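# A look at the structure
Given next are the chains, with one letter for each unit.
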Amino acid sequence: NAGVTQTPKFQVLKTGQSMTLQCAQDMNHEYMSWYRQDPGMGLRLIHYSVGAGITDQGEVPNGYNVSRSTTEDFPLRLLSAAPSQTSVYFCASSPTQGRGQYFGPGTRLTVL
Amino acid sequence: AQSVTQLGSHVSVSEGALVLLRCNYSSSVPPYLFWYVQYPNQGLQLLLKYTSAATLVKGINGFEAEFKKSETSFHLTKPSAHMSDAAEYFCAVSEKGGATNKLIFGTGTLLAVQP
């Protein structure tokens, strides 16, 4: 199993540009989540999904969209990038409650 | 609402010394509790988890944590630090019985190990 994969690893955007961060898992997990990590703030939940076709907002959803058309994929879309979205983004998946989440390697995004 | 507090954003120990990283949670009912480790420029790796079985939980790399309901704590310990333990450690909580499996993270503790 590849586990949780994320692409790209690094990305530089200009303010106002849009892009999609890709996330895929091959473990047939129902739960998937997107977090952003900023220095001194830990990880904060952006959006999450409890299954294909079901998504909901987390703690910091503004400026981001998600969709979950398949169990495997959970892309995160930045509609109009802002410098405040400069961060490291992690995707995670989990089979059920209490099992912990499996994290991808992250995408380091810089918005100029 | 649930929350997690990690006391000490930076902890420094000598190689061979005891490691103690503190975590306190706020929740109306005992939640699921987790410790994750992050090495530089990598993702998060699960160290151990508490899911209401034994209150003393053993994890990977010689780490363990004890759930204390009366203190709402889940401190992480290791008897003897190795240089390879230098990393950032995150405590996280998840609502038990909820439908979402969301994780709420603490702000992290950066562990330095001195030779």
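The paragraphs below set out a description of the structure included in this document.

Definitions and cut-offs
Residues numbered from 1 in each chain as written. Chains lettered and ligands numbered in written order. Predicted model: local features only at pLDDT ≥ 70, side-chain atom pairs only at ≥ 80, totals over all residues. Heavy atoms only, no water. Helix = DSSP H or I, 4+ residues; strand = E, 2+ residues; numbered from the N terminus. Rg over C-alpha atoms; globule rule 2.2 N^0.38 Å. Buried < 20%, exposed > 50% of the residue type's maximum accessible area, 1.4 Å probe, protein only. Contact = heavy atoms within 4.5 Å. 1 Å grid on protein atoms, 1.4 Å probe; cavity = no way out; pocket = protein on both sides within 12 Å on 5 of 7 lines; lining within 4 Å. Points joined across faces, edges and corners; volume = space filled by probe spheres on them. Nonpolar A, V, L, I, M, F, W, Y, C, P; charged D, E, K, R; others polar. Polar contact = N/O pair within 3.5 Å; in protein donor to acceptor, adjacent residues only side chain to side chain. Disulfide = S-S within 2.5 Å.

### Some details on the overall build of chain A
Helices and strands together make up the secondary structure of chain A, namely zero helices and 11 strands. Of the regular secondary structure in chain A, the N- to C-terminal order runs β-β-β-β-β-β-β-β-β-β-β. A compact globule built from 112 residues would reach a C-alpha radius of gyration of about 13 Å, and chain A, at 13 Å, matches this within 12%. Viewed in the frame of its principal axes, chain A has a C-alpha envelope of about 40 × 30 × 25 Å. Taking all 112 residues of chain A together, 50% fall into the buried category. Expressed as a percentage of contacts within chain A between residues at least 6 apart in sequence, the contacts between residues at least 24 apart total 53%.

### A short note on the layout of surface pockets
Rolled over the atoms, a probe sized like a water molecule indicates the empty space that remains. Roughly 550 Å³ of internal volume is contained in the largest pocket. Lining the largest pocket we find 28 residues, and of these Gln37, Val88 and Arg108 of chain A together with Gln38 and Asn41 of chain B sit closest to its centre. Counting residues per element, the ones that place at least two in the lining of the largest pocket are strand 9 (87–94) and strand 11 (107–111) of chain A together with strand 10 (87–94) of chain B. If you tally residues by element for the lining of the largest pocket, the top one is strand 10 of chain B, at three residues. Taken together, the residues that form the lining of the largest pocket break down as 11 nonpolar, 13 polar and four charged.

### Regarding the side chain of serine 87 of chain A
Residue and element names in this part refer to chain A. If you trace the backbone, serine 87 turns up in strand 9. Residue serine 87 is classed as buried on the basis of its relative accessible area, which comes to 6%. Side-chain polar atoms of serine 87 contact the side chain of aspartate 38, separated by 2.9 Å. Leave out the neighbours within four places in its chain, and serine 87 touches Arg36, Gln37, Asp38, Thr107, Arg108 and Leu109.

### Details of the state of the cysteines
All names here are of chain A. Applying the stated criterion across every chain yields a total of two disulfides over all chains. Across the disulfide from cysteine 23 sits cysteine 91; the S-S distance is 1.8 Å. Measuring the twist about the S-S bond at about -70°, one finds the cysteine 23-cysteine 91 disulfide to be left-handed. Note that cysteine 23 is positioned in strand 3 (residues 19–25) and cysteine 91 in strand 9, a separation of 68 residues in sequence.

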